[in-house]
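Residues per chain are reported as follows:
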Amino acid sequence: LFVPKKEDRFTFGLWTVGNPGRDPFGLPVREGFTPVEAVHMLAELGAYGVNFHDNDLVPIDATPAEKERIVREFRQALEATGLKVPMVTVSLFTDPIFKDGAFTSNDPRVRAYAIRKTIESMDLGKELGAEVFVLWGGREGAEVDAGKDAVDSMKRYREAVNYLCEYSLSQNYGYKFALEAKPNEPRGDIYLPTTGAMLGLIATLDHPEMVGVNPEVAHERMAGLNFYHAAAQALEAGKLFHIDLNDQKMGRFDQDLRFGSDGIKEAFFLVKLLEDYNYKGMLHFDAHALRTEDRQGVVEFAKGNMRTYLILKEKVKRFNADPDIQALLAEINGRKLDLPGFDFKYSPESLQALRGMAVDRETIGAEGLNYEKLDQLTMEIIMGVR
Ligand code: 3MF
Ligand code: MG
Ligand code: MG
Ligand code: MG
């Protein structure tokens, strides 16, 4: 029970199980799994794939011969295990050259290099079969607003994404780009801080159909937002191209906790959204084991993410099949409007009907909606007594 299978489409970043437990205040505490080790370990646990930043696999200063060997050994591990690489991304935040941003740097040398580095990551991703390319602008932001014009930054970011779309088209790569928002960390403020902000930008691109979002649970929660709502908006817009599952206490530093380990109720509604609306993309975990853990703890962490998703999926089935819950929902959603000619679409006729509508404000305003009971039943499903 709750054993992951390939069909579940679970993926992990090489940087997640590769994380050695370093933080801004402390040194590494363990050997992270190398790319080849990660592939074997994750395949054994039943994951579908691995994703990576260019430099998670190939060091930024690797020679062409080193790159060739690393990619060959990685590909052999993939072939031996059947693990896939559905998504690739690029590090535009680790190297000192990106200290003031990449696509939004004031320095055109940095902007040009960032685009070239991304293009080379797209090439690498295609070699390994990736279909989604994630862009997280980790350093696209500021602490000193006097130093960087936020209007210029939007124009520069747009210009870069337009360039990358043209490149993908020119090579027939067929990439879908997924933009990942985060409100802060490592910058004091990161531009385009929420998934909603990304959706706003996408509409202004040259090829909006090629670009969607990669929302992350932790990032919306850091901003105090409801992740389920953010993901729902993206899904409804046809823009949920990828998703970063993890967990986070609201308003804190970036914690990247194991999925479902903190906000279990929000995690439940997220799984319900993805399952009820048939999300077909990858279920990617962008989290890492606590710094208290050794390598066995990393394995437990990886298992736990997938297991929690599958358990919540089972809870969603229970919720959807629960007669008391369904009766309440039928009542909540069963109210009727008796207004011939009006269908919530504007027309002169519907307007006329609307103007003539009799409204019993007092009766409607006094009706109880039974949400307390519904919420308690939901909690009892989650807590495992229903
Ligand atoms: C940072 C993140 C990033 C992105 C990654 C993928 C290092 O908080 O979430 O992980 O997910 O760069 O593009
Ligand atoms: Mg993150
Ligand atoms: Mg993080
Ligand atoms: Mg992420």
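Residues numbered from 1 in each chain as written. Chains lettered and ligands numbered in written order. Predicted model: local features only at pLDDT ≥ 70, side-chain atom pairs only at ≥ 80, totals over all residues.

## Quick notes on the UniProt feature "domain: Xylose isomerase-like TIM barrel" (unreviewed entry) in the chain
Okay, so step 1: The UniProt entry lists residues 42-287 under the feature "domain: Xylose isomerase-like TIM barrel" (unreviewed entry), expressed in the numbering used here.
Okay, so step 2: Helix makes up 42% of residues 42-287 and strand makes up 12%, while its end C-alpha atoms are separated by 14 Å. (UniProt positions renumbered as here; feature names shortened; annotations may be inferred. Helix = DSSP H or I, 4+ residues; strand = E, 2+ residues; numbered from the N terminus.)

## Some remarks on the pairing of strand β6 (residues 176-180)
Okay, so step 1: For β6, the buried fraction is high: five of the five residues fall into the buried class.
Okay, so step 2: In the sheet, strand β4 (residues 132-136) pairs with β6 via five bridges, with the strands oriented parallel. Looking across to β6, one finds that Val 132 is bridged to Lys 176.
Okay, so step 3: The pairing of β6 with strand β8 (residues 211-213) spans three bridges and is classified as parallel. Looking across to β8, one finds that Phe 177 is bridged to Val 211. (Buried ≥ 20, exposed ≤ 12 C-beta atoms within 10 Å, placed from the backbone. Pairing = 2+ DSSP bridges.)

## Observations concerning the environment of Gly 341
Okay, so step 1: Tracing the sequence through the fold places Gly 341 in the loop between α12 (323-332) and α13 (348-355).
Okay, so step 2: Residues Gly 341 and Val 71 lie 270 residues apart in sequence; the distance between their C-alpha atoms is 64 Å.
Okay, so step 3: Setting aside residues up to four positions removed in sequence, Gly 341 forms contacts with Glu 349, Ser 350 and Ala 353. (Contact = placed C-beta atoms within 7 Å.)

## Topic: helix α6 (residues 150-170)
Okay, so step 1: Compared with the 30 Å implied by 1.5 Å per residue over 21 residues, the 30 Å span of α6 between its first and last C-alpha is a close match.
Okay, so step 2: Buried residues of α6: Ser 153, Arg 156, Tyr 157, Ala 160, Val 161, Leu 164 and Ser 168, and no others. All buried residues of α6 project into a common sector of 130° when viewed along the axis, lining one side. Turned more than 90 degrees off the buried face of α6, the exposed positions are Val 151, Asp 152, Lys 155 and Ser 170.
Okay, so step 3: Contact partners of the buried residues in α6: α5 (108-127), β6 and β8.
Okay, so step 4: In the segment just after α6, Asn 172 is the residue with positive phi, at about 55°. (Expected span 1.5 Å × (residues − 1). Arc of directions from axis to C-beta.)

## Observations concerning the packing of helix α2 (residues 35-45) against helix α4 (residues 64-81)
Okay, so step 1: Two elements in contact, α2 and α4, have axes separated by 9 Å at closest approach and are oriented at 10°. As judged from the angle between their axes, α2 and α4 are roughly parallel. When α2 is examined against α4, the residues Pro 35, Val 36, Val 39, His 40 and Ala 43 are found in contact with a partner set consisting of Glu 73, Phe 74, Ala 77, Leu 78 and Thr 81.
Okay, so step 2: Classifying every residue of the contact of α2 with α4 by side-chain character gives seven nonpolar, two polar and one charged. (Axes fitted to C-alpha atoms, helices over the stretch in contact; angles between N-to-C directions. Parallel < 35°, antiparallel > 145°, perpendicular 65-115°, else oblique. Nonpolar A, V, L, I, M, F, W, Y, C, P; charged D, E, K, R; others polar.)

## A look at the packing of α12 against helix α15 (residues 371-383)
Angle between the axes and distance between the axes are the two parameters that describe a pair of packed helices.
Okay, so step 1: Running from N to C, α12 and α15 cross one another at 150°; their axes reach a closest spacing of 10 Å. When the axes of α12 and α15 are compared, the pair comes out roughly antiparallel. Remark: the crossing between α12 and α15 carries left-handed chirality. Across from Asp 324, Ile 325 and Leu 328 in α12, the residues of α15 making contact are Lys 373, Leu 374 and Leu 377.
Okay, so step 2: Residue composition of the contact of α12 with α15, by class: four nonpolar, no polar and two charged. (Left-handed = near helix turned anticlockwise from the far one by under 90°.)

## Some points on the UniProt feature "binding site: Mg(2+) 1" (unreviewed entry) in the chain
Okay, so step 1: The UniProt record marks Glu 180, Glu 216, Asp 244 and Asp 286 with the feature "binding site: Mg(2+) 1" (unreviewed entry), using the residue numbering of this structure. A stretch of 107 residues holds the annotated residues, and the largest C-alpha distance among them is 11.7 Å, short enough that they meet in one place.
Okay, so step 2: Note on placement: Glu 216 falls in the loop between β8 and α8 (217-222).
Okay, so step 3: Classification of Glu 216 as buried rests on a count of 28 C-beta atoms within 10 Å.
Okay, so step 4: The residues touching Glu 216, leaving out its near neighbours within four places in the chain, are Glu 180, Asp 244, Asn 246 and Asp 286.
Okay, so step 5: Among the secondary structure elements, Asp 244 is positioned in strand β9 (residues 244-245).

## A few points about the pairing of strand β2 (residues 49-53)
Okay, so step 1: Of all five residues in β2, five are buried, a share of seventy percent or more.
Okay, so step 2: Of the two faces of β2, the one holding Gly 49, Asn 51 and His 53 and the one holding Val 50 and Phe 52 are both buried throughout.
Okay, so step 3: Relative to β2, strand β1 (residues 10-13) runs parallel, the two sharing three bridges. Note that in β2 the partner of Gly 13 across the bridge is Asn 51.
Okay, so step 4: Pairing of β2 with strand β3 (residues 87-89) involves two bridges; the strand directions are parallel. Residue Phe 52 lies in a different strand from β3, and its bridge partner there is Val 88.

## Describing the nonpolar core
Okay, so step 1: Core analysis: the largest hydrophobic core is formed by 84 residues, its most contacted members being Leu 42, Val 50, Phe 133, Phe 177, Leu 179 and Ala 231.
Okay, so step 2: Excluding residues within four positions of it along the chain, Leu 179 makes contact with Leu 135, Met 198, Ile 202, Val 211, Val 213 and Asn 214. (Core = buried A, V, L, I, M, F, W, Y, C linked by C-beta atoms within 7 Å.)

## With respect to the site of ligand 1
Okay, so step 1: With respect to spatial proximity, the complete set of residues near ligand 1 consists of Trp 15, His 53, Thr 89, Val 134, Trp 136, Glu 180, Lys 182, Glu 216, Asp 244, Asp 254 and Asp 286.
Okay, so step 2: Looking at side-chain class alone, the shell around ligand 1 contains three nonpolar, two polar and six charged residues. (Near = placed C-beta within 6 Å.)

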